[in-house]
Amino acid sequence: GAVVSQHPSWVICKSGTSVKIECRSLDFQATTMFWYRQFPKQSLMLMATSNEGSKATYEQGVEKDKFLINHASLTLSTLTVTSAHPEDSSFYICSARQGPGGYTFGSGTRLTVV
Amino acid sequence: QKEVEQDPGPLSVPEGAIVSLNCTYSNSAFQYFMWYRQYSRKGPELLMYTYSSGNKEDGRFTAQVDKSSKYISLFIRDSQPSDSATYLCASLPPAAGNKLTFGGGTRVLVKP
């Protein structure tokens, strides 16, 4: 089946630094990828839609300059949390779409900003 | 009102029991329905995907869609402790830019 690889699985960084999270579709091409954020015991909150070769589409309330998304190829999308602060600590998950029901999720990245 | 509503639980059942999970949705235009299982600190894993009203079975899992009532269900037979997780229902609205709409998730605990 379709596999989406997400790295790193967890990261700790100092306040003010930037962190990059990678999301790769291993056995299929993904023209569209999605980035979610999830707080403990809550559902997934869509942050942005990443389209290969074009700018990402951000959901209302998501800071574009803080959460930089790049989708340079059909198999790779990256999310960079810039100038991270403790309130950015969360669980970030990517997803890639293969078809109407074919939404495959990465294993998630736990970000802790200290 | 959220577009997809789901009881947060937790739902606690003994091993071997049937787990019954439900979601309601508000938009009759919703077409595709999915159930995901999410273990703690992991990404969601697709369990079932349905399009039309009726039942769809896959092993111990049965997904049920009633479009007239805007109600979707997931049944897990012969539940195991390894089924303990959060279950998320999701739908793909038309003209939504392929963005899934999720329910809030139901936490399930299967006790040995």
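The model shown is predicted, which means the values in this text are computed figures rather than measured ones.

1. Considering the environment of S83(A)
Note on placement: S83(A) falls in the loop between strand 8 (76–81) and strand 9 (90–97). Between the alpha carbons of S83(A) and D65(A) there is a distance of 9.7 Å; along the sequence they are 18 residues apart.

2. Thoughts on the state of the cysteines
Disulfide: a covalent bond formed between the sulfur atoms of two cysteine residues. All told, the structure shown has 2 disulfides over all chains when counted by the stated rule. Here C23(A) connects covalently by a disulfide to C94(A), the sulfurs 2.0 Å from one another. Here the S-S torsion is close to 80 degrees, and the disulfide linking C23(A) with C94(A) is therefore right-handed. Within this pair, whereas C23(A) is found in strand 3 (residues 19–25), its partner C94(A) is found in strand 9, the two being separated by 71 residues in sequence. Exposure class is identical for C23(A) and C94(A). Each is buried. Between C23(B) and C89(B) runs a disulfide, and the two sulfur atoms are separated by 1.9 Å. Residues C23(B) and C89(B) are joined by a disulfide whose S-S torsion is about -95 degrees; by sign, that bridge is left-handed. Of this pair, C23(B) sits in strand 3 (residues 19–25) while C89(B) sits in strand 9 (residues 85–92); the two residues are 66 residues apart in sequence, bridging distant segments of the chain.

Basis of the calculations
Residues numbered from 1 in each chain as written. Chains lettered and ligands numbered in written order. Predicted model: local features only at pLDDT ≥ 70, side-chain atom pairs only at ≥ 80, totals over all residues. Heavy atoms only, no water. Helix = DSSP H or I, 4+ residues; strand = E, 2+ residues; numbered from the N terminus. Disulfide = S-S within 2.5 Å. Buried < 20%, exposed > 50% of the residue type's maximum accessible area, 1.4 Å probe, protein only.

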